[in-house]
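Here is what each chain is made of, one letter per residue.
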Amino acid sequence: MNNLFLFIIWENGRVRQKQVLASLKARFEVIKIYDIHWSPSLVMTNFERLMQRRITKRHVSKIGDGNFLLIIIRDKYPKYKANIKGNTSNGQINMRISETEKMLRHIVKNKDCIYATQSNHETNRKLSLLMGVNIVDFMYSIQPSDQIEYIERDLVGAVGWENIEQFFYILNNTLDYVVLRNWECLPDDFTIEGHGDIDILVRNEKDALWVTGAQKMSSYKDDAASLIKIGGMNIPFDIRRVGDNYYDKNWEICMLECRKLNKNSIYVQDDVNYFYSLLYHALIQKNEITADYKGRLQLLAGNIDVNINSLKVLQLLELLDKFMCMFHYKYVRPNNIYATFNEANIQQSEYAKKYGVAKSLRYRWNYHIRPIKVITYRIIKLLSRLVNI
């Protein structure tokens, strides 16, 4: 544990900059101080991506949209405590940082003008976005100094990602994610022939959209299709989230917890989950099993000592059923009602016949209520146009 933390003094809090810096230097070891300038046209985008939430213009006017100070400190005497609110991923917050943040807010007389990271995990995430490097690489690249250094830089990826390596480097330090399939071509190519997008599963979709800068291709909330600008090109991604019923929720959680870092520093599925999730994908999420899937399934089966004696649907369903039964996973209808769901194959599954196919409340809403709302909205819109004629 490196015990590094960030303090940010937004523009309107810098009127008491000397007092704030003096307080920080008295309590902690100052590693680096940056006076950061953001591009005026990207200020709102930078704020929102850093905080991973919507920021109002009123809030920005309270803290200021000009240069701010970023102070990186080391706490030699941290006091960690379990995080009851749960707003940090590792469940531990440094109470000395929390106490200092409150004190500094009192000094500047504006609580919104001071921000501090309160866990090592949070520090790594914010530093990666602000400086484009994680804690370890940052410490290797700098000479500690308590003098203010002026820099001009927006959040990494603010106008798109330089390349796929940079993209996944930042993801590794900011998100819980796993690439579901078709990663074999990365980072040299974005897609495998016949598969035009990159499928990733994330624990929190909102965080993923903020970090990646992804643009949803549809206003329909449960549509996973997005575009992310990488190397000057808009690359199609399907961003799946835990609980979207693309797979059983418990299986999705397992995929994230069992992920592994491959030789290209990309988090991918372990061999067992990869094989069976691809088998599920081919049987349930596709209308038919194509030749390339058959070849890949045979190859992956060999990696986990599974014998595929036949590539017929019934035999493959039997194999998938055994896996689903072993881990008590369920076949589930995806929340996205427009996603492919192979009814013919699911009806041949003995496991599905016995335990049924799960449907979430979200699915029921999308299937039964949403179409009525859409039709009603269109009728009202049409009537309003007729009235105005």
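Going by the structure above, here's the rest.
Analysis parameters
- Residues numbered from 1 in each chain as written.
- Predicted model: local features only at pLDDT ≥ 70, side-chain atom pairs only at ≥ 80, totals over all residues.
- Heavy atoms only, no water.
- Helix = DSSP H or I, 4+ residues; strand = E, 2+ residues; numbered from the N terminus.
- Buried < 20%, exposed > 50% of the residue type's maximum accessible area, 1.4 Å probe, protein only.
- Contact = heavy atoms within 4.5 Å.
- Salt bridge = Lys/Arg side-chain N within 4 Å of Asp/Glu carboxyl O.
- 1 Å grid on protein atoms, 1.4 Å probe; cavity = no way out; pocket = protein on both sides within 12 Å on 5 of 7 lines; lining within 4 Å.
- Points joined across faces, edges and corners; volume = space filled by probe spheres on them.
- Nonpolar A, V, L, I, M, F, W, Y, C, P; charged D, E, K, R; others polar.
- Phe/Tyr/Trp six-rings, centres within 6.5 Å; stacked < 30°, edge-to-face > 60°.
- Pairing = 2+ DSSP bridges.
- Axes fitted to C-alpha atoms, helices over the stretch in contact; angles between N-to-C directions.

Brief notes about the environment of Lys126
Alright, step 1. Examined against the element boundaries, Lys126 turns out to sit in helix α5 (residues 120-131).
Alright, step 2. Looking at Lys126, the relative accessible area reads 5%, which means it is buried.
Alright, step 3. In this structure the C-alpha to C-alpha distance between Lys126 and Tyr293, which are 167 residues apart in sequence, comes to 39 Å.
Alright, step 4. The residues contacting Lys126, other than those within four sequence positions of it, are Leu6, Leu50, Met51, Tyr115 and Thr117.

Quick look at the pattern of salt bridges
Alright, step 1. Tallied over the full model, the rule gives 20 salt bridges.
Alright, step 2. Taking the shortest distance from any N to any O, the salt bridge between Arg14 and Asp35 comes out at 3.2 Å. Pair noted here: Arg14 is in the loop between β1 (4-9) and α1 (17-27) and Asp35 is in strand β2 (residues 29-37), with a separation of 21 residues, a long-range link.
Alright, step 3. Here Lys32 ties to Glu149 by a salt bridge, and the two come within 3.5 Å at their closest N and O atoms. Linking Lys32 in strand β2 with Glu149 in strand β7 (residues 148-152), this pair joins segments that are 117 residues apart in sequence.
Alright, step 4. The exposure class assigned to Lys32 is buried, which follows from its relative accessible area of 9%.
Alright, step 5. Judged by relative accessible area, which is 32%, Glu149 ranks as partly exposed.
Alright, step 6. One connected set of salt bridges, linked through shared partners, spans Arg181, Asp199, Asp238 and Arg240.

Focus on empty space enclosed by the protein
Alright, step 1. Taken as a whole, this structure holds 1 cavity of 30 Å³ or more when the rule is applied.
Alright, step 2. If you add up the space inside the largest cavity, you get close to 80 Å³.
Alright, step 3. A total of 3 residues in the lining of the largest cavity trace back to one element, the largest contributor, which is strand β12 (residues 233-241).
Alright, step 4. Residues of the lining of the largest cavity, tallied by class, amount to 4 nonpolar, 1 polar and 7 charged.

A short note on the packing of aromatic side chains
Alright, step 1. All chains considered together, the criterion is met by 27 aromatic pairs.
Alright, step 2. Measuring from centroid to centroid gives 5.1 Å for Trp251 and Phe323, while their planes differ by 55°, and the two rings are tilted. With Trp251 in helix α9 (residues 249-257) and Phe323 in helix α12 (residues 313-326), this pair connects stretches of sequence that are 72 residues apart.
Alright, step 3. Residues Phe327 and Tyr329 carry aromatic rings whose centres are separated by 5.7 Å and whose planes lie at 15° to one another, so their mutual orientation is stacked.

What about the sheet that holds strand β6 (residues 114-116)?
Alright, step 1. On the basis of which strands lie adjacent, the open sheet formed by 5 strands has the order β6-β1-β3-β2-β7 and mixed pairing. Edge positions in the open sheet fall to β6 and β7, since each of these has one partner strand only. Each strand of the sheet is rotated relative to its neighbour by a mean of 25°, with strand direction disregarded.
Alright, step 2. Across the sheet, helix α4 (residues 95-108) lies against β1, β3 (68-74) and β6, angled at about 170° from β6, the strand it touches most.

A word on the layout of surface pockets
Alright, step 1. Empty space within the second largest pocket amounts to approximately 560 Å³.
Alright, step 2. In terms of lining, the second largest pocket is formed by 21 residues, of which the most central are Leu209, Trp210, Gly213, Ala214 and Gln215.
Alright, step 3. When contributions to the lining of the second largest pocket are tallied by element, the ones reaching two or more residues are α2 (43-51), α8 (205-212), β10 (215-216) and β11 (225-230).
Alright, step 4. Looking at the lining of the second largest pocket, the element that brings in the most residues is α8, giving 4 residues.
Alright, step 5. Tallied by class, the residues present in the lining of the second largest pocket amount to 8 nonpolar, 7 polar and 6 charged.

A short note on the environment of Tyr363
Alright, step 1. When you line up the elements, Tyr363 lands in helix α15 (residues 361-388).
Alright, step 2. For Tyr363 and Pro334, which are 29 residues apart along the polypeptide, the C-alpha to C-alpha distance reads 6.9 Å.
Alright, step 3. Sequence-distant contacts of Tyr363, that is, excluding residues within four places in its chain, are made with Arg333, Pro334, Asn335 and Ile337.

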